Structures are given as C-alpha cells and as structure tokens.
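Geometric and topological summary
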Amino acid sequence: MIEPFDDNYFMNRALKEAENAFAKGEIPIGAVIVVENKIIARAHNLTETLNDVTAHAEMQAITAASDYLGGKYLKKCTLYVTVEPCQMCAGALFWSQIDRIVYGARDEQRGCINMGTKLHPKTKMEGGILAKEASELLKRFFIEKRNLN
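The protein is annotated in an unreviewed UniProt entry as tRNA-specific adenosine deaminase of Planktosalinus lacus. Recorded under Sequence similarities (unreviewed entry), the UniProt text for the protein is reproduced unchanged: "Belongs to the cytidine and deoxycytidylate deaminase family. ADAT2 subfamily." Annotation of the protein in UniProt includes, under Subunit (unreviewed entry), the sentence "Homodimer."

What follows is the structure in structure tokens.
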C-alpha cells in the first residue's frame, strides 16, 4: 500500500506554483487540488499574464480540476492554496462543493474569513500550513516590486 502524502507535502506543491507565479511577475499565490492522494490540478495567479482580474490561482485550479473530473463539482477534493482565498474564490469554491480547503497564510485584508464569506456547509477549512513560507514569499515579492518602481 502506498503511504498517503500529508498536508505539508501538498502545500509544498502549492508553494512551487506560487514560485512559478513569482518568476512571471505575478503575485505569488499557488494552488493544487487533490483527490484520493493525487494532484489533479496545479495553478498559480495569472491576473497579469491574462489581463484578467478573475485569474486567481484558485479559479485556475477549479477549472483544471473540473476539466480533469469531467464535472463541475469537486466533492472528495481538497484545495491547497498558499494564501487564504478571497471572497470571489470562496464563492466559486462554495459552488464547486469542494470538501476541504487548506491554506497557508491568512489574508487579513481581503481574505474570506474577515469578509464573512460563507463556504458550502459541508466544506471544511483550515489554515496555517506552511504559513511562514507562504508569507515570506509574498513579502519578498512586494519588497522587490517596490524596489523596482
């Protein structure tokens, strides 16, 4: 029997996606969606690349996972995302009926928790997994961005 991977393993994969975003000049947020211990979607922010305010990592991952599964519902799936989802992404995750959301760093200003956004009643959400690493990547991105301007 293959040992299941843990939350740190999958969050590390999301962090790799965030690093891909960083390399493209995108806000470094990454996401992966997992079902039955298998990554079925990988994504990172593409708002600048696509000139699309909705091209958040979570939205890209939802679309990729839905395509993989052949349906719009992400039941039995877990989203790992490096930063707490925003209100828009939380709304999409509500409609996807995803089972679980695991995030790294909190977004005190724009995160769905402080905005009071509701998730699907069956969705579980937990945070703080590799939060320090996710937060440091964001801080480094904005420091470099300020120094370039």
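Here we come to helix α3 (residues 57-69). For α3, built from 13 residues, the straight-helix expectation of 18 Å at 1.5 Å per residue is met to within 8% by its first-to-last C-alpha distance of 18 Å. Summarising the contacts, the buried residues of α3 are in contact with β1 (30-35), β2 (38-44), β3 (77-83) and α4 (87-96). G70 sits one or two residues past α3 and shows a positive phi near 75°.

The next subject is the UniProt feature "active site" (unreviewed entry) in the protein. Mapped onto the present numbering, the UniProt feature "active site" (unreviewed entry) falls on E58. Mapped onto the fold, E58 is located in helix α3. The buried category is assigned to E58, whose relative accessible area is 4%. Setting aside residues no more than four positions away along its own chain, E58 makes contact with A31, L79, V81, V83, E84, P85, C86 and C89.

Here we take up the pairing of β3. Buried residues dominate β3, accounting for seven of its seven residues. Pairing of β1 with β3, which is carried by five bridges, proceeds in the antiparallel orientation. Counterpart to V35 in the pairing with β3 is C77. When β3 meets strand β4 (residues 100-105), the two strands line up parallel, connected through five bridges. Paired with T78 across the two strands is R100, which belongs to β4. This β-α-β element, β3 to α4 to β4, shows right-handed connectivity.

What follows covers the nonpolar core. Ranked by size, the top nonpolar core spans 24 residues in total, and within it I33, L74, C77, L79 and I98 carry the most contacts. Every element with two or more residues in this core is listed here: β1, β2, α3, β3, α4 and β4. With sequence-adjacent residues up to four places away left out, I33 is seen in contact with K38, I39, I40, A41, A61, I62, A65, L74, C77, T78 and L79.

We now examine the sheet that holds β4. Strand order across the open sheet formed by five strands is β2-β1-β3-β4-β5, with mixed pairing between neighbours. Edge strands, defined here as strands with exactly one partner in the open sheet, are β2 and β5 (124-127). Strand after strand, the sheet turns through a mean of 15° between neighbouring axes, direction not considered. When β1 meets β2, the two strands line up antiparallel, connected through six bridges. Counterpart to A31 in the pairing with β2 is A43.

On to the packing of aromatic side chains, then. Where two aromatic rings form a pair, the distance of their centres and the angle of their planes describe that pair. All chains considered together, the criterion is met by seven aromatic pairs. One aromatic cluster is present, built from ring pairs that chain together F5, Y9, F10 and Y80. R13 extends its terminal NZ or CZ atom over the ring of Y9, reaching a point 4.1 Å from the ring centre. Over the face of the ring belonging to F22 we find R140, whose NZ or CZ atom lies 4.5 Å from the ring centre.

Procedures and definitions
Numbering of residues starts from 1 in each chain and follows the order in which that chain's sequence is written. Under the rules for a predicted model, residues below a pLDDT of 70 receive no local features and side-chain atom pairs below 80 are neither given nor counted, while totals for whole chains, interfaces and linings still include all residues. Calculation of side-chain values draws on the structure's entire complement of heavy atoms; hydrogens and water are dropped beforehand. UniProt positions are given in the numbering used here, feature names are shortened, and annotations may be inferred rather than shown by experiment. Here a strand is any run of E in DSSP of at least two residues, a helix any run of H or I of at least four, and the numbering for each starts at the N terminus. The span one expects for a helix is its residue count, reduced by one, times 1.5 Å. When checking whether two residues touch, look at their non-hydrogen atoms; a contact exists if any pair is within 4.5 Å. A simple rule labels every residue: compare its accessible area, found with a 1.4 Å probe on the protein chains alone, to the largest value its type can have, and call it buried under 20%, exposed over 50%, or partly exposed in between. Here, a strand pair is defined by DSSP locating no fewer than two bridges between the strands. Place the viewer so that the strands point away; then a crossover is right-handed whenever the path from the first strand over the helix to the second strand goes clockwise. Nine residue types can take part in a nonpolar core, namely buried Ala, Val, Leu, Ile, Met, Phe, Trp, Tyr and Cys, and a core is a set of them joined through side-chain atoms within 4.5 Å. Working convention: axes come from line fits to C-alpha atoms, limited for helices to the stretch in contact. Angles between N-to-C directions cover 0 to 180 degrees. Stacked, edge-to-face and tilted labels apply to pairs of Phe, Tyr and Trp rings (six-membered ring for Trp) whose centres lie within 6.5 Å, assigned for plane angles under 30 degrees, over 60, and everything in between, in that order. By definition, being over a ring means that NZ of Lys or CZ of Arg is both within 6 Å of the ring centre and within 35 degrees of the ring normal.

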